Every structure is written in structure tokens, then in C-alpha cells.
Amino acid sequence: MKKILVLNGPNLNLLGTREPAQYGSTTLADVEAMCKETGKRLGYEVECFQSNWEGALIDKIHEAGKAFNEGTLKGVVINPGALTHTSIALHDAIKGVGDLPVIEIHISNVHARESFRHHSYVSPAAAGIIVGFGVTGYSLAMEGLVRKFPE
């Protein structure tokens with residue numbers, strides 16, 4: 001069975017306790033369980049990974065590119081967290097692995113927040129973006145990945 005990789009960047013391990021008015025009370029463990037259930041419904045195994053370290057996320061993207069080329073990975077859903085607005089390296093990693101489909105997701109509507117959150121270095125490298133639907137956005141991103149890139 002092919003996999004979908006769900007990547008979460010810095011501070012997303014604090015979901016459920018970090019700024020609940022902005023991000024809600026759902027924990028990262030809840031999000032991961034929801035993603036696995038969505039994957040099951042869509043016919044995919046889901047691997048979830050979170051890191052506060054940019055390099056660890058880049059390594060996972062490199063691995064994902066290889067798995068995609070080998071035919072064992074459908075694509076990646078990524079919430080880069082604050083790295084969205086700072087990481088040229090994430091952009092370059094996504095572009096560097098070729099045709100790997102990547103869907104960028106943000107829990108909040110970043111365009112309705114502080115101006116520094118309006119720019120994403122990841123978006124130009126992404127196949128699609130889901131913004132502002134809360135944690136439901138993860139399921140929407142996975143469904144979009146499967147629909148946009150049929151087998």
C-alpha cells in the first residue's frame with residue numbers, strides 16, 4: 001500500500017496548548033489519528049512526522065522524493081509552521097526532489113494574521129495550499145493530493 005507522508009514543523013507539537021484561541025484544543029496526536037483515519041478511507045497508509053528542526057524536515061523530504069520515485073509514496077502534506085516564512089531551504093528541498101507532490105497546509109488563515117505571515121517560501125514549490133480550515137485542513141489536503149494526482 002502506498003503512503004502519504006504528513007510533516008509538521010516547529011511548535012506544532014504544542015497543538016492543544018499553544019494559543020488555543022488561534023489553533024484550537026486539538027492535539028498533534030489527535031491530528032495524526034485523524035490523518036491516519038483519512039488515509040485509511042482514501043486507501044493509503046499515513047506516516048506522520050513532526051520536528052522543531054529544519055534539517056530533520058529536509059531529510060524527510062529527501063527520503064520522500066526517493067520513495068515517490070520508487071512508487072511507494074503518493075506525496076507529502078506539510079505544515080511547515082513558522083519555517084513557512086523563513087525557510088528557503090525547505091523550498092529548495094521540495095524543488096530538489098523532482099516531481100514529488102507536496103500540499104502545504106496551515107491551520108489558521110495566515111493571510112488574516114500578522115503581515116510577516118503573508119509570505120510563504122514553501123508555496124511556490126507546493127502543488128496546492130490549504131489555509132484557514134483548522135485541523136480539518138489536513139484531511140482536505142490529503143483528499144486534494146489524491147484527487148489532483150490520481151493513480
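Residues numbered from 1 in each chain as written. Predicted model: local features only at pLDDT ≥ 70, side-chain atom pairs only at ≥ 80, totals over all residues. Heavy atoms only, no water.

Caption draft 1: Looking closely at the overall build of the chain. Counting secondary structure elements, the chain contains 5 helices and 5 strands. When the helices and strands of the chain are placed in sequence order, the string is β-α-α-β-α-β-α-β-β-α. Across its three principal directions, the C-alpha atoms of the chain cover 40 × 30 × 25 Å. Looking at the chain residue by residue over its 151 residues, the buried ones come to 46%. Carbon and sulfur atoms form 54% of the exposed surface of the chain, whose accessible area is close to 7300 Å². Each charge class in the chain was averaged separately, 14 positive and 16 negative side chains, and the resulting centres sit 4 Å apart. (Helix = DSSP H or I, 4+ residues; strand = E, 2+ residues; numbered from the N terminus. Buried < 20%, exposed > 50% of the residue type's maximum accessible area, 1.4 Å probe, protein only. Areas by Shrake-Rupley, 256 points an atom, 1.4 Å probe, with all protein chains shown as cover. Lys, Arg positive; Asp, Glu negative; His and termini not counted. Charge placed at Lys NZ, Arg CZ, Asp CG, Glu CD.)

Caption draft 2: Summary view of the sheet that holds strand S5 (residues 128-131). Judged by pairing direction, the sheet is parallel, and its 5 strands sit side by side in the order S2-S1-S3-S4-S5 without closing on themselves. One side of each edge strand has no neighbouring strand; the edge strands of this open sheet are strand S2 (45-50) and S5. Across the sheet, the mean angle separating the axes of adjacent strands is 20° when strand polarity is ignored. Judged from the 6 bridges that link them, strand S1 (residues 3-8) and S2 form a sheet pairing that is parallel. (Pairing = 2+ DSSP bridges. Axes fitted to C-alpha atoms, helices over the stretch in contact; angles between N-to-C directions.)

Caption draft 3: The side chain of Lys74, seen in detail. Mapping Lys74 onto the fold places it in strand S3 (residues 73-79). According to the relative accessible area criterion, Lys74 is buried, its value standing at 4%. A distance of 3.1 Å separates a polar atom in the side chain of Lys74 from a polar atom in the side chain of Glu151. Lys74 has contacts with Lys2, Lys3, Ile4, Tyr44, Phe68, Pro101, Leu145, Val146, Phe149, Pro150 and Glu151, leaving out every residue within four places of it along the chain. (Polar contact = N/O pair within 3.5 Å; in protein donor to acceptor, adjacent residues only side chain to side chain. Contact = heavy atoms within 4.5 Å.)

Caption draft 4: Spotlight on the pairing of strand S4 (residues 102-106). Counting buried positions along S4 yields 5 of 5 residues, so the element is predominantly enclosed. On S4, burial covers both faces: Val102, Glu104 and His106 on one face and Ile103 and Ile105 on the other are all buried. Each parallel crossover has a hand, and the one from S3 via helix H4 (residues 88-96) to S4 is right-handed. Note: S4 against S5, 4 bridges, orientation parallel. Looking at S5, one finds that Glu104 is bridged to Ile129. (Right-handed = clockwise from strand over helix to strand, strands pointing away.)

Caption draft 5: The pattern of salt bridges, seen in detail. All chains considered together, the criterion is met by 6 salt bridges. Among the salt bridges present, the one from Lys60 reaches Glu47, with a minimum N-O distance of 2.7 Å. Placement of the pair is Lys60 in helix H3 (residues 54-70) and Glu47 in strand S2, with a sequence separation of 13 residues. Exposure remark for Lys60: the relative accessible area of 14% places this residue in the buried category. With a closest N to O distance of 3.6 Å, Lys60 and Glu63 form a salt bridge. Taken together, the residues Lys60 and Glu63, both in helix H3 and 3 residues apart, mark about one turn of the helix. Taken together, the salt bridges that share partners define one network made up of Lys3, Glu47, Lys60 and Glu63. (Salt bridge = Lys/Arg side-chain N within 4 Å of Asp/Glu carboxyl O.)

Caption draft 6: Here's a closer look at the packing of aromatic side chains. Applying the stated criterion to the full structure yields 0 aromatic pairs. The residue whose ring lies beneath Lys60 is Phe49, and the NZ or CZ to ring-centre distance is 5.1 Å. (Phe/Tyr/Trp six-rings, centres within 6.5 Å; stacked < 30°, edge-to-face > 60°. Lys NZ or Arg CZ within 6 Å of the ring centre and 35° of its normal.)

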